[in-house]
Amino acid sequence: MEADHIAEDLESLAPEQALENVLAANQSARICLTSSFQAEDMVVAHILRGRILDFAVLFLDTGYHFPQTYEYRDRMTKQWSLNLVNVLPEQTVAQQESAFGILYRSEPTRCCQLRKVEPLMRALEPFDIWFTGLRREQSPTRKNLKKVELHRLPTGRSLWKVSLLADWNWERVWQYVNDRGIPHLPQYDEGYLSIGCQPCTALPSDPNNPRSGRWGGTKLECGIHTFSTQVEK
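Fair warning: this is a prediction, and the values are worked out from it, not measured in the lab.

Colleague: Looking at this structure, how should I read the packing of aromatic side chains?
Modeller: By convention here, two paired aromatic rings are described through the distance between centres and the angle between planes. Under the defined criterion, the tally for this structure stands at 9 aromatic pairs. Aromatic pair Tyr64 and Tyr104: ring centres 5.1 Å apart, planes at 80°, arrangement edge-to-face. Taken as a pair, Tyr64 in the loop between β2 (56-60) and α4 (67-80) and Tyr104 in helix α6 (residues 103-106) lie far apart in primary sequence, 40 residues in all. In textbook terms, an aromatic cluster arises when at least three aromatic residues are bridged by ring pairs, as seen for Phe37, Phe59, Tyr70 and Tyr72. For the cation-ring pair, Arg110 lies above Phe100, with the distance from its terminal atom to the ring centre recorded as 4.2 Å. Here the guanidinium or amino end of Arg180 rests over the ring plane of Tyr176, the centre of that ring lying 3.6 Å away.

Structure follows, in C-alpha coordinates:
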(Lines give C-alpha, C1' and ligand atoms only; values in the text may rest on other atoms or scores of the structure.)
Protein backbone atom coordinates (compact mmCIF):
# COMPACT_ATOMS: atom_id res chain seq x y z
CA MET A 1 0.00 0.00 0.00
CA GLU A 2 1.27 3.49 -0.88
CA ALA A 3 2.13 5.73 2.07
CA ASP A 4 -0.06 8.59 0.85
CA HIS A 5 -3.09 6.28 0.74
CA ILE A 6 -2.77 5.43 4.41
CA ALA A 7 -1.46 8.73 5.76
CA GLU A 8 -4.81 10.51 5.94
CA ASP A 9 -6.46 7.59 7.72
CA LEU A 10 -3.74 7.52 10.38
CA GLU A 11 -4.03 11.17 11.36
CA SER A 12 -6.98 10.56 13.69
CA LEU A 13 -5.67 7.32 15.19
CA ALA A 14 -3.92 6.74 18.51
CA PRO A 15 -0.27 5.70 18.15
CA GLU A 16 -0.94 2.03 18.90
CA GLN A 17 -3.65 1.76 16.24
CA ALA A 18 -1.61 3.77 13.76
CA LEU A 19 1.23 1.34 14.33
CA GLU A 20 -1.04 -1.62 13.60
CA ASN A 21 -2.10 -0.07 10.31
CA VAL A 22 1.47 0.66 9.29
CA LEU A 23 2.56 -2.90 10.05
CA ALA A 24 -0.44 -4.37 8.24
CA ALA A 25 0.54 -2.42 5.13
CA ASN A 26 4.19 -3.49 5.36
CA GLN A 27 4.54 -7.23 5.84
CA SER A 28 8.04 -8.40 6.79
CA ALA A 29 9.33 -4.84 6.80
CA ARG A 30 12.76 -4.06 8.21
CA ILE A 31 12.17 -1.54 11.00
CA CYS A 32 14.29 1.04 12.79
CA LEU A 33 13.78 3.87 15.25
CA THR A 34 16.11 6.85 15.34
CA SER A 35 16.58 7.76 18.98
CA SER A 36 18.46 10.39 20.94
CA PHE A 37 16.85 8.83 24.03
CA GLN A 38 14.77 11.92 24.68
CA ALA A 39 11.29 11.51 26.13
CA GLU A 40 9.47 11.27 22.79
CA ASP A 41 11.86 8.61 21.54
CA MET A 42 11.35 6.57 24.68
CA VAL A 43 7.57 6.75 24.29
CA VAL A 44 7.83 5.47 20.71
CA ALA A 45 10.27 2.75 21.78
CA HIS A 46 7.85 1.70 24.52
CA ILE A 47 4.99 1.47 22.03
CA LEU A 48 7.08 -0.47 19.53
CA ARG A 49 8.30 -2.90 22.18
CA GLY A 50 4.71 -3.78 22.96
CA ARG A 51 4.15 -4.95 19.39
CA ILE A 52 7.43 -5.72 17.61
CA LEU A 53 9.89 -8.36 18.76
CA ASP A 54 12.95 -6.85 17.16
CA PHE A 55 13.73 -3.43 15.73
CA ALA A 56 16.97 -1.48 15.45
CA VAL A 57 17.45 1.62 17.61
CA LEU A 58 19.76 3.96 15.71
CA PHE A 59 21.67 6.30 18.01
CA LEU A 60 23.79 8.96 16.32
CA ASP A 61 26.94 8.70 18.40
CA THR A 62 28.54 12.04 17.59
CA GLY A 63 31.07 11.83 20.40
CA TYR A 64 29.76 15.13 21.77
CA HIS A 65 26.79 13.92 23.85
CA PHE A 66 26.38 14.65 27.55
CA PRO A 67 27.92 12.00 29.81
CA GLN A 68 24.42 11.60 31.31
CA THR A 69 23.05 10.76 27.86
CA TYR A 70 25.56 7.96 27.35
CA GLU A 71 24.86 6.58 30.82
CA TYR A 72 21.11 6.68 30.28
CA ARG A 73 21.43 5.14 26.81
CA ASP A 74 23.42 2.21 28.16
CA ARG A 75 21.14 1.75 31.18
CA MET A 76 17.92 1.74 29.15
CA THR A 77 19.44 -0.43 26.41
CA LYS A 78 20.14 -3.07 29.02
CA GLN A 79 16.88 -2.61 30.92
CA TRP A 80 14.72 -2.83 27.79
CA SER A 81 16.98 -5.25 25.85
CA LEU A 82 17.15 -2.84 22.95
CA ASN A 83 18.86 -3.68 19.68
CA LEU A 84 21.08 -0.61 19.85
CA VAL A 85 23.05 0.46 16.79
CA ASN A 86 25.58 3.19 17.49
CA VAL A 87 25.81 5.10 14.23
CA LEU A 88 29.32 6.54 13.98
CA PRO A 89 30.81 9.28 11.78
CA GLU A 90 33.74 8.44 9.52
CA GLN A 91 36.10 10.49 11.71
CA THR A 92 36.53 10.46 15.46
CA VAL A 93 36.12 13.73 17.32
CA ALA A 94 39.90 14.06 17.58
CA GLN A 95 40.40 13.42 13.87
CA GLN A 96 37.73 15.92 12.84
CA GLU A 97 38.98 18.62 15.18
CA SER A 98 42.54 18.07 13.98
CA ALA A 99 41.45 18.40 10.35
CA PHE A 100 38.88 21.18 10.58
CA GLY A 101 39.09 22.77 14.02
CA ILE A 102 36.13 23.05 16.39
CA LEU A 103 33.34 22.94 13.82
CA TYR A 104 30.51 23.16 16.32
CA ARG A 105 31.77 26.69 17.03
CA SER A 106 32.78 27.81 13.55
CA GLU A 107 30.47 25.81 11.27
CA PRO A 108 27.80 23.99 13.30
CA THR A 109 25.81 22.98 10.21
CA ARG A 110 28.87 21.30 8.72
CA CYS A 111 29.54 19.57 12.03
CA CYS A 112 25.99 18.19 12.06
CA GLN A 113 26.37 17.13 8.44
CA LEU A 114 29.53 15.14 9.15
CA ARG A 115 28.55 13.66 12.49
CA LYS A 116 24.79 13.15 12.10
CA VAL A 117 23.38 13.53 8.61
CA GLU A 118 25.85 11.57 6.51
CA PRO A 119 26.13 8.68 9.01
CA LEU A 120 22.34 8.42 9.21
CA MET A 121 21.99 8.41 5.43
CA ARG A 122 24.14 5.29 5.36
CA ALA A 123 22.49 3.69 8.38
CA LEU A 124 18.94 3.98 7.00
CA GLU A 125 19.70 2.16 3.76
CA PRO A 126 18.74 -1.39 4.94
CA PHE A 127 15.36 -0.39 6.38
CA ASP A 128 11.81 -0.14 5.04
CA ILE A 129 10.18 1.76 7.92
CA TRP A 130 11.84 4.56 9.86
CA PHE A 131 10.10 5.48 13.12
CA THR A 132 10.79 8.82 14.78
CA GLY A 133 9.72 10.73 17.89
CA LEU A 134 9.00 13.90 15.92
CA ARG A 135 6.07 16.12 16.92
CA ARG A 136 4.56 19.11 15.13
CA GLU A 137 4.71 21.19 18.29
CA GLN A 138 8.49 20.91 18.54
CA SER A 139 9.40 23.44 15.87
CA PRO A 140 7.97 25.62 13.06
CA THR A 141 9.93 23.41 10.66
CA ARG A 142 7.81 20.44 11.77
CA LYS A 143 4.35 22.03 11.75
CA ASN A 144 3.29 20.20 8.57
CA LEU A 145 4.62 16.82 9.68
CA LYS A 146 2.39 13.86 8.81
CA LYS A 147 2.26 10.66 10.81
CA VAL A 148 3.31 8.75 7.71
CA GLU A 149 5.43 10.12 4.88
CA LEU A 150 7.28 8.44 2.06
CA HIS A 151 10.86 9.67 1.97
CA ARG A 152 13.56 9.20 -0.63
CA LEU A 153 17.14 8.91 0.56
CA PRO A 154 19.97 10.57 -1.41
CA THR A 155 20.75 7.20 -3.02
CA GLY A 156 17.24 7.13 -4.47
CA ARG A 157 15.94 4.45 -2.14
CA SER A 158 12.55 5.14 -0.54
CA LEU A 159 11.22 4.21 2.89
CA TRP A 160 8.28 5.05 5.12
CA LYS A 161 8.97 7.68 7.76
CA VAL A 162 6.51 7.23 10.62
CA SER A 163 6.00 9.75 13.42
CA LEU A 164 3.40 8.19 15.71
CA LEU A 165 3.39 11.17 18.09
CA ALA A 166 3.08 13.88 15.43
CA ASP A 167 -0.08 15.33 16.97
CA TRP A 168 0.96 15.02 20.63
CA ASN A 169 1.85 17.97 22.83
CA TRP A 170 4.57 18.06 25.49
CA GLU A 171 2.14 17.42 28.34
CA ARG A 172 0.84 14.28 26.68
CA VAL A 173 4.36 12.94 26.23
CA TRP A 174 5.10 13.38 29.92
CA GLN A 175 1.77 11.96 30.98
CA TYR A 176 2.64 8.78 29.08
CA VAL A 177 6.15 8.71 30.59
CA ASN A 178 4.90 9.24 34.13
CA ASP A 179 1.89 6.90 33.90
CA ARG A 180 4.15 4.04 32.82
CA GLY A 181 7.09 4.83 35.06
CA ILE A 182 9.52 5.25 32.18
CA PRO A 183 12.88 6.62 33.40
CA HIS A 184 13.99 9.83 31.69
CA LEU A 185 17.19 11.66 30.89
CA PRO A 186 18.41 13.48 34.03
CA GLN A 187 18.95 16.69 32.06
CA TYR A 188 15.19 17.24 32.06
CA ASP A 189 15.32 17.67 35.83
CA GLU A 190 17.85 20.48 35.30
CA GLY A 191 15.47 22.40 33.04
CA TYR A 192 16.55 21.23 29.60
CA LEU A 193 13.68 20.70 27.16
CA SER A 194 15.51 19.60 24.00
CA ILE A 195 18.72 17.64 24.43
CA GLY A 196 21.37 17.02 21.81
CA CYS A 197 25.15 17.34 21.73
CA GLN A 198 26.45 18.97 24.90
CA PRO A 199 28.35 21.89 23.28
CA CYS A 200 25.25 22.88 21.29
CA THR A 201 22.63 22.43 24.00
CA ALA A 202 21.72 25.04 26.61
CA LEU A 203 18.78 25.76 28.81
CA PRO A 204 15.96 27.17 26.65
CA SER A 205 15.94 30.94 26.34
CA ASP A 206 12.22 30.81 25.56
CA PRO A 207 10.16 28.46 27.75
CA ASN A 208 7.55 28.29 24.99
CA ASN A 209 10.13 27.11 22.45
CA PRO A 210 11.84 23.90 23.62
CA ARG A 211 14.46 24.13 20.87
CA SER A 212 15.51 27.70 21.74
CA GLY A 213 18.39 26.22 23.69
CA ARG A 214 19.86 24.42 20.68
CA TRP A 215 22.79 25.86 18.67
CA GLY A 216 22.58 29.14 20.54
CA GLY A 217 19.31 29.87 18.79
CA THR A 218 21.04 30.17 15.40
CA LYS A 219 19.15 27.28 13.78
CA LEU A 220 16.33 24.82 14.48
CA GLU A 221 17.42 21.56 12.83
CA CYS A 222 20.59 19.50 12.72
CA GLY A 223 19.55 18.28 9.28
CA ILE A 224 18.71 14.61 9.84
CA HIS A 225 15.03 15.33 9.26
CA THR A 226 15.57 17.58 6.25
CA PHE A 227 18.14 15.68 4.17
CA SER A 228 15.72 13.16 2.72
CA THR A 229 13.15 14.20 0.15
CA GLN A 230 9.49 13.71 0.92
CA VAL A 231 7.86 11.97 -2.02
CA GLU A 232 4.70 13.85 -2.92
CA LYS A 233 1.57 12.33 -4.40
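Colleague: Can you help me understand unusual backbone geometry in this one?
Modeller: The general pattern is negative phi for most residues beyond glycine and trans for most peptide bonds. For Ser28, which is not glycine, the phi torsion reads 60° and is therefore positive. According to the relative accessible area criterion, Ser28 is exposed, its value standing at 74%. Despite not being glycine, Phe37 shows a phi value in the positive range, around 65°. Here Phe37 lies in the loop between β1 (31-34) and α3 (39-49).

Colleague: How should I be thinking about the pattern of salt bridges in this particular structure?
Modeller: Where charged atoms of side chains with opposite charge meet at close range, the side chains can pair. All told, the structure shown has 12 salt bridges when counted by the stated rule. The salt bridge involving Asp128 is made with Arg157; its shortest N-O contact spans 3.1 Å. On the criterion of sequence distance, the pair formed by Asp128 in the loop between α7 (108-124) and β4 (129-132) and Arg157 in the loop between β5 (148-152) and β6 (158-163) is long-range, its members being 29 residues apart. Classification of Asp128 by relative accessible area gives partly exposed; the value is 22%. Residue Asp167 pairs with Lys147 through a salt bridge whose shortest N-O separation is 3.3 Å. Placement of the pair is Asp167 in the loop between β6 and α8 (170-179) and Lys147 in the loop between β4 and β5, with a sequence separation of 20 residues. You can call Asp167 partly exposed: its relative accessible area is 36%. Each member of the salt-bridge network shares a partner with another, and the members are Arg30, Asp128 and Arg157.

Colleague: Can you help me understand the packing of helix α5 (residues 93-100) against α7 in this one?
Modeller: For any two helices packed against each other, one specifies the inter-axial angle together with the distance between the axes. In contact at an axis separation of 12 Å, α5 and α7 are set at 145° when each is read in the N-to-C sense. Considering how the two elements wind past one another, α5 and α7 form a crossing that is right-handed. Judged by residue contacts, Val93, Gln96 and Phe100 of α5 engage Arg110, Cys111, Leu114 and Arg115 from α7. Of the residues contributing to the contact of α5 with α7, the split by class is 4 nonpolar, 1 polar and 2 charged.

Colleague: Quick question: what am I supposed to make of the pairing of β5 here?
Modeller: Among the 5 residues in β5, 4 count as buried, and that is most of the element. Of the strand pairs in this sheet, β5 and β6 are connected by 5 bridges, and their pairing is antiparallel. Directly across from His151, in β6, lies its bridge partner Leu159. Between β5 and β6, which pair antiparallel one after the other, the connecting turn spans 5 residues, and Gly156 there sits at a positive phi close to 100°.

Colleague: Would you mind showing me how to read the pairing of strand β3 (residues 83-87) here?
Modeller: Along any regular strand, the residues point their side chains to alternate faces of the sheet. The pairing of β2 with β3 spans 5 bridges and is classified as parallel. Residue pairing for β3: Phe59 is matched across the bridge by Asn86. Read as a crossover between parallel neighbours, the route from β2 over α4 to β3 is right-handed.

Colleague: Would you take a moment to explain the nonpolar core for this structure?
Modeller: Soluble globular proteins tend to pack their nonpolar side chains together in the buried interior. Counting 47 residues, the largest nonpolar core has Phe131 and Trp160 as its most contacted members. Considering every element that reaches this core, the biggest residue donor is α3, with 7 residues. Leaving out residues up to four positions away in the same chain, Phe131 has contacts with Leu19, Val22, Ile31, Cys32, Leu33, Thr34, Val44, Leu48, Val162 and Leu164. Core analysis: the second largest hydrophobic core is formed by 12 residues, Ala123, Trp130, Leu153 and Leu159 among them.

Colleague: I would appreciate a short explanation of α7 in the present structure.
Modeller: Each α-helix turn comprises 3.6 residues. Residues three or four places apart therefore point the same way. Compared with the 24 Å implied by 1.5 Å per residue over 17 residues, the 23 Å span of α7 between its first and last C-alpha is a close match. Within α7 the residues assigned to the buried category are Cys111, Cys112, Arg115, Lys116, Val117, Pro119, Leu120, Ala123 and Leu124.

Cut-offs and rules
Residues numbered from 1 in each chain as written. Predicted model: local features only at pLDDT ≥ 70, side-chain atom pairs only at ≥ 80, totals over all residues. Heavy atoms only, no water. Phe/Tyr/Trp six-rings, centres within 6.5 Å; stacked < 30°, edge-to-face > 60°. Helix = DSSP H or I, 4+ residues; strand = E, 2+ residues; numbered from the N terminus. Lys NZ or Arg CZ within 6 Å of the ring centre and 35° of its normal. Buried < 20%, exposed > 50% of the residue type's maximum accessible area, 1.4 Å probe, protein only. Salt bridge = Lys/Arg side-chain N within 4 Å of Asp/Glu carboxyl O. Axes fitted to C-alpha atoms, helices over the stretch in contact; angles between N-to-C directions. Left-handed = near helix turned anticlockwise from the far one by under 90°. Contact = heavy atoms within 4.5 Å. Nonpolar A, V, L, I, M, F, W, Y, C, P; charged D, E, K, R; others polar. Pairing = 2+ DSSP bridges. Right-handed = clockwise from strand over helix to strand, strands pointing away. Core = buried A, V, L, I, M, F, W, Y, C linked by side-chain atoms within 4.5 Å. Expected span 1.5 Å × (residues − 1).

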